[in-house]
Structure formats: structure tokens, C-alpha cells
Amino acid sequence: MKQLKKRILKDGKCLEGGILKVDNFINHQMDAGLMMEMAQEIVARFKGTAIDKVITIEASGIAPAIMVAYLLDVPVVFGKKKVPSTMDGIIRSEVFSFTKSRSYNICLCKDYLKKGERCLFVDDFLANGNAALGVLDLAVQTGAEIVGMAFLIEKGFQAGGKILREKGIHIESLAIIESLDNCEIKIKD
Ligand code: 5GP
């Protein structure tokens, strides 16, 4: 998506370890107009797919996911990283965090992910695919179906995209980073 690629080149920064910092417009301060355009693009790319619910993980996935859910007029549920004391009927999956280099649990109340529900997973980044695989595992636990996954930014030089596409999942990424070598951002055309 042209506007996103332009913005990454303008405002994105490379950090050590192959991390792209976009907290000027996605991860901390957010550009709501661009976020809505990205949500519209995601909805267009999944036109023709029946979707009952949008699913994401806190915190960075929530902004794009809520806009996609609004446009589709369906509910949005997010996996929590801490189990609230008030939550019953919890399902969980362990995820290794690429940016924090440690594992955490994502948990969800099973009332909000039901058997047969057709879900679209939306997240900010796809790197090694661990967060996405965690969500897939939650869906398997409840019998819900992940009908597609949409990412604002895919890091094409990491394994996640290949792993998920090989599973036959419909994956859409609005910008694919080819390389961050030598702190230079290269984006696929
Ligand atoms: P994965 O689970 O695919 O390995 O990593 C995806 C998650 O890690 C995303 O939800 C995102 O929060 C975080 N992440 C991975 N790579 C980057 C990156 O280069 N920059 C930022 N800001 N977050 C990233």
C-alpha cells in the first residue's frame, strides 16, 4: 500500500536486531487517518470472505483491528497478555515475543471465540509468526476458524510469512520489508 510504504520510508527507524520502529504513526503516536485507510485496504483485500469476528492481540493490534471490525460491522476481540482475576473460562497459548525475547501467554475468555466462528486476525507486524501461531492455537482449542490474517507490516526476511502461507492461510500484508540490513529500510514494490 503506497501511502504506508511512503510513511515507513519517511518516519520508520531501524533498531539493532532487525527491528523497525514505527512509533511515530503506528506503535505509540498513531495516525488515525492512515490507520483508517489501512483498515479500508484490509477490508478490500478480504472482499468475498465471510467474516464473523476480528481477532487481535493487545496492545498494538487493537487500533487497526477495531477499525477493520467497525468497517465490517462485526465484533473485535483481543488476546490479553495478563489474566484478569475476573475472567472465567480462560483459554491460553504460549507465544515467544520477538521484540522482548521472552515468552508470554495470550489468554481469551472462550465465550468470545466460539466453535464455527469465522475470524480474521489483524496485527501490526508479522515477523516470525509466533503471535499468529498463538492465535491459531486458540482457534483450534475452541473450534473457531481463522479465515485470514492481515498485517500492516510484514518483515519478509523473517520466517513468519512462509510458515503461515505454507499452512494455506490467506495472508495479506500492506507493506513487506525486504531488508533492514545496514539500517537501511528496503521495501518490496
Ligand atoms: P512475531 O510473533 O510474528 O514473531 O512478531 C510479531 C509481533 O512482534 C508483533 O505483534 C509486533 O508487536 C512485534 N514485532 C515484531 N517485529 C517487530 C518490529 O520490527 N517492530 C515492531 N515495532 N514490532 C515488532
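Before reading on, note that the structure itself is shown above.
Residues numbered from 1 in each chain as written. Predicted model: local features only at pLDDT ≥ 70, side-chain atom pairs only at ≥ 80, totals over all residues. Heavy atoms only, no water.

### What to know about the side chain of R7
Under the convention used in this document: Each helix corresponds to a stretch of at least 4 residues labelled H or I by DSSP, and each strand to a stretch of at least 2 residues labelled E; elements are numbered beginning at the N terminus. Any two residues having at least one pair of non-hydrogen atoms within 4.5 Å are treated as being in contact.
Position of R7 relative to the elements: it lies in helix α1 (residues 2-11). Look past the residues within four positions of R7 in its chain and what remains in contact with it is G12, N24, F25, D31 and L34.

### Things to note about the site of the ligand
Using the following cut-off: A molecule or strand has a residue near it when one of that residue's heavy atoms lies within 4 Å. Two N or O atoms count as a polar contact when they lie within 3.5 Å, although within protein this holds only if one can serve as hydrogen donor and the other as acceptor, and sequence-adjacent residues are included solely when both atoms are side-chain atoms. Accessible surface area values rest on a Shrake-Rupley calculation with a 1.4 Å probe, where residue burial reflects the displayed protein chains alone. Three categories are distinguished: nonpolar for Ala, Val, Leu, Ile, Met, Phe, Trp, Tyr, Cys and Pro, charged for Asp, Glu, Lys and Arg, and polar for the others, with Gly belonging to the last.
If you check the shell around the ligand, you find 16 residues, and the closest are L20, A127, N128, G129 and A131. One of the backbone nitrogen or oxygen atoms of A131 is found 2.8 Å away from an oxygen atom of the ligand. Starting from 500 Å² of accessible surface for the ligand in isolation, the protein chains cover 87%. If you list the elements that add at least two residues to the shell around the ligand, you get β2 (19-21), β7 (118-126) and α4 (130-142). With four residues, β7 is the largest single contributor of residues to the shell around the ligand. When grouped by side-chain class, the residues that make up the shell around the ligand number seven nonpolar, six polar and three charged.

### Here's the deal with the pattern of salt bridges
For the record, the criterion: We count a salt bridge whenever a side-chain nitrogen from Lys or Arg sits within 4 Å of a carboxyl oxygen from Asp or Glu. Only protein chains enter the calculation, and the probe is 1.4 Å; a residue is then buried if its accessible area is under 20% of its type maximum, exposed if over 50%, and partly exposed in between.
One pass over the full model with this rule turns up ten salt bridges. The residue K10 makes a salt bridge to D11 at a minimum N-O spacing of 3.5 Å. Assessed through its relative accessible area of 14%, D11 is described here as buried. A salt bridge links K53 to E117, with the nearest nitrogen and oxygen atoms 3.2 Å apart. In this pair, K53 sits in strand β3 (residues 53-57) while E117 sits in the loop between β6 (102-109) and β7, placing the two residues 64 residues apart along the sequence. Residue K53 is classed as buried on the basis of its relative accessible area of 6%. Within this structure, R7, K10, D11 and D31 form a network of salt bridges that share partners.

### As for the pairing of β3
The condition that has to hold: Whether two strands pair comes down to DSSP finding at least two bridges between them. Whether a crossover is right-handed comes down to one check: with the strands pointing away from the viewer, does the path from the first strand over the helix to the second run clockwise; if it does, it is right-handed.
Counting buried positions over the five residues of β3 gives five, a clear majority of the element. Of the two faces of β3, the one holding K53, I55 and I57 and the one holding V54 and T56 are both buried throughout. Sheet topology note: the β3/β7 ladder contains three bridges and is parallel. Note on β7: the bridge partner recorded for K53 is C119. In this fold, the crossover linking β3 to strand β4 (residues 76-79) by way of helix α3 (residues 62-72) has right-handed handedness.

Any link to function would need more than the numbers given here.
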